[in-house]
Amino acid sequence: MTTPALLPLSGRRIPTLSPGAASFPHHRATLRLSEKFILLLILSAFITLCFGAFFFLPDNSKHKRFDLGLEDVLIPHIEAPKGAKHPGGQVVIHGQGGHDEHRHREEEESLRDKIRVDHERALQEAKEKLRKSRDELRAEIQTEKSKVVEDLKKKKEVPKPLPPVPMPKVVGVNDGDSVEPDVKEKRDKIREMMKHAWDSYRQYGWGHNELKPLAKKGHSTNIFGNSQMGATIVDALDSLYMMGLHDEFKDGQEWIEQNLDFSVNAEVSVFEVNIRFIGGLLAAYYLSGQEVFKVKAVQLAEKLLPAFNTPTGIPWAMVNLKSGVGRNWGWASAGSSILAEFGTLHMEFVHLTYLTGNPAYYQKVMHIRKLLAKMDRPNGLYPNYLNPRTGRWGQHHTSVGGLGDSFYEYLLKAWLMSDKTDTEARKTYDDAIEAIERHLIRKSNGGLTFIGEWKNGHLERKMGHLTCFAGGMFALGADGSPDDKAGHYLQLGAEIAHTCHESYDRTVLKLGPEAFKFDSGLEAVAVRQNEKYYILRPEVIETYWYMWRFTHDPKYRQWGWEAAQAIDKYCRVSGGFSGVKDVYSSNPTYDDVQQSFFLAETLKYLYLLFSSDDLMPLESWVFNTEAHPLPVLHLANLTLPGSQAQR
Ligand code: DMJ
């Protein structure tokens, strides 16, 4: 589910004013930091003054002091006489005369003195500040800021040691080389493409999230906030490892050790960070055994947890890594959370609980599952939007492409990853797929099977590139499907693969458009200009790979090779690989983005397609939605709190 990068987002920007703008009253109300600082000082001096004045009122005032019950906060150093406080927190003056009265007057006197001194000091400080020039103030603010940063750095927590956990059996991390020279050659070509993508990023975008291969500089989208978290490095690690690019892997590891820091003031997508970073780090850990990846994954996961602080426990789409404040995308059905986002956490979170012994991760995702299980589903379908405040569905839009896709994928993979013991997940997957088949899957007039989208009771006969992953999913889920329907689902997978191949084959560049229609005589072609782009996406090749693994029909390698050649011919530039804006034009323009998923997924699936099956066998590994492999956990031997699978 990557739609956020493409859909119009409500990313709010703080307007920046030109120097001196605040001195013109007709300028917009946004103030610079130094002005804000001065105003704050004046305001605090004024408040201190008022507060002080309150105590200079005549004693016969009817006012009762501290009657707001805030005394403990305001003056914690003053002890109220024993028993003199009523339940509302009000200090009662008993007026018994004599000793008590005298002591009370003394206390009052000393309090007044203190307030007077404090308030004079505050006034003095404010006056001094006001006498300073703008530059002096700016320098002062800068020094204070740096001090805070320094203090924070010093305070940086030493990571808690993680409990020793038995490493799941890691099988099939081998060369996977083929004996057939032709296949070997193709595989070498894919490795060379990976090297070009990586080296270009290394040279021009190192440390940035992604690369602009034409401008030859770093790139980022709002899914990563304003951070420089090296998304491409983390996303690419396991591909590098599998391809035997060990120097590059080491380079990436070093960057992560030295630079990857999650204490940044960045508002990131919980889903994207989970699938790319946590998934990428965990896979790198399992493949290489290097502790640093596990430690970083856990540090990051802790930063995501505040996203679950909603009235329902359905997480926000975005969270600020520093403040923990979450919110949803402005465009998502009246502030809803998105099915493919909150429904694509399970695999990584189960592994986090496994590796840390902390049940919180597992509990969070199981809570989501339970909540969904209780809800009514229109026609048995899951709408893409769910409001995290009310727990009600938003707009009734169902899709196996963007906004819905990986929710279904993770149900199936939760079952596979649990060594097929999480039967609840399998049943939920089977029920969902049955409803999808009934309502969304159709055959076009030209005989192409497609998966449409359900919008308020109406089937839109349009399929997205993202939806093409479903061919692989159906094949992967065939074994274990109810009523002996394994053959049926394998066939469905093959039909989807065929349709998606047609969407590539009917273009000039032999690369697939973002979305294609089956309407008014149209068969697997894009209509609108803004659906004709190809951004290096993996889904079609992903399906070819799964189909290859389950059938060994040579056409899947053939189709994969066609796509690889087209990418190399039309998307390769001297500074890396770029998406193209129109796959129907013989002279396409570039979008100038080398997406991190190109290295994580597209090239990895291509490489696996030309490798032997003993590299990453599907009985032992489950690929997350960003193609990061996680080992099957034999849950029968584990203790995941509350897990059905424990029995
Ligand atoms: C990837 O980030 C993941 O595959 C996600 O699930 C959906 N799509 C993008 C790539 O297209």
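Criteria and cut-off values
- Residues numbered from 1 in each chain as written.
- Predicted model: local features only at pLDDT ≥ 70, side-chain atom pairs only at ≥ 80, totals over all residues.
- Heavy atoms only, no water.
- UniProt positions renumbered as here; feature names shortened; annotations may be inferred.
- Buried < 20%, exposed > 50% of the residue type's maximum accessible area, 1.4 Å probe, protein only.
- Helix = DSSP H or I, 4+ residues; strand = E, 2+ residues; numbered from the N terminus.
- Pairing = 2+ DSSP bridges.
- Disulfide = S-S within 2.5 Å.
- Salt bridge = Lys/Arg side-chain N within 4 Å of Asp/Glu carboxyl O.
- Contact = heavy atoms within 4.5 Å.
- Axes fitted to C-alpha atoms, helices over the stretch in contact; angles between N-to-C directions.
- Phe/Tyr/Trp six-rings, centres within 6.5 Å; stacked < 30°, edge-to-face > 60°.
- Lys NZ or Arg CZ within 6 Å of the ring centre and 35° of its normal.

Naming follows an unreviewed UniProt entry, where the protein appears as alpha-1,2-Mannosidase of Hucho hucho. You can read under Pathway (unreviewed entry) in the UniProt record for the protein the words "Protein modification; protein glycosylation." Recorded under Subcellular location (unreviewed entry), the UniProt text for the protein is reproduced unchanged: "Endomembrane system".

1. Description of unusual backbone geometry
You will see that Asn456, though not glycine, has its phi angle at about 45°, which is positive. Looking at Asn456, the relative accessible area reads 54%, which means it is exposed. Residue Asp483 is not a glycine yet carries a positive backbone phi of 50°. Structurally, the position occupied by Asp483 is in the loop between α15 (469-478) and α16 (486-505).

2. A short note on the sheet that holds strand β12 (residues 458-460)
Either a parallel or an antiparallel arrangement is found when strands of a sheet pair, and the pairing is made through backbone hydrogen bonds. Read across the open sheet, the three strands follow the order β8-β11-β12; overall the sheet is antiparallel. Either end of the sheet is taken by a strand with one partner, and the two such strands are β8 (397-398) and β12. Bridge analysis of β8 against strand β11 (residues 453-455) gives two bridges, and the strand direction is antiparallel. Across the sheet, residue His397 finds its bridge partner in β11, namely Lys455.

3. Topic: the state of the cysteines
All told, the structure shown has one disulfide when counted by the stated rule. Across the disulfide, Cys468 is cross-linked to Cys500 (sulfur-sulfur distance 2.0 Å). Taking the sign of the torsion about the S-S bond as the criterion, the disulfide between Cys468 and Cys500, at about -95°, is left-handed. Highlighted residues: Cys468 in the loop between β13 (462-464) and α15 and Cys500 in helix α16, separated in sequence by 32 residues. Note on accessibility: Cys468 and Cys500 belong to one class, buried.

4. A closer look at the pattern of salt bridges
Within this structure, the stated rule accounts for 33 salt bridges. As a salt-bridge pair, Arg572 and Asp568 come within 2.9 Å of each other at their nearest N and O atoms. On the basis of relative accessibility, which here comes to 24%, the residue Arg572 falls in the partly exposed class. One continuous salt-bridge network, built from bridges that share partners, spans Lys189, Glu192, Asp568 and Arg572.

5. Considerations on the sheet that holds strand β3 (residues 267-269)
Reading across the sheet, the three strands line up as β3-β4-β5 and stay open at both edges, with antiparallel pairing between neighbours. Every interior strand has two partners, whereas the edge strands, β3 and β5 (326-327), have only one. In this sheet, strand β4 (residues 318-320) lies alongside β3 in antiparallel orientation, the contact comprising three bridges. Across the sheet, Ser269 pairs through a bridge with Met318, a residue of β4. Against the sheet, helix α8 (residues 270-288) contacts β3 and β4, and its axis sits at roughly 65° relative to β3.

6. Looking at the packing of aromatic side chains
Under the counting rule described, the total for this entry stands at 27 aromatic pairs. Between the aromatic rings of Phe249 and Phe293, the centroid separation amounts to 5.7 Å while the plane-to-plane angle is 65°, which identifies the pairing as edge-to-face. Of this pair, Phe249 sits in helix α7 (residues 246-259) while Phe293 is found in helix α9 (residues 291-304), placing the two residues 44 residues apart along the sequence. Considering the side-chain rings of Tyr285 and Tyr286, the 5.3 Å spacing of their centres and the 55° angle between planes classify their relative orientation as tilted. Like Tyr285, the residue Tyr286 is buried in the burial classification. Within the aromatic cluster, the residues linked to one another by ring pairs are Tyr382, Trp393, Phe407 and Tyr408. The positively charged end of Arg202 is found above the aromatic ring belonging to Trp206, 4.0 Å away from the centroid. The side chain of Arg426 reaches across the aromatic face of Trp415, ending 4.5 Å from its centre.

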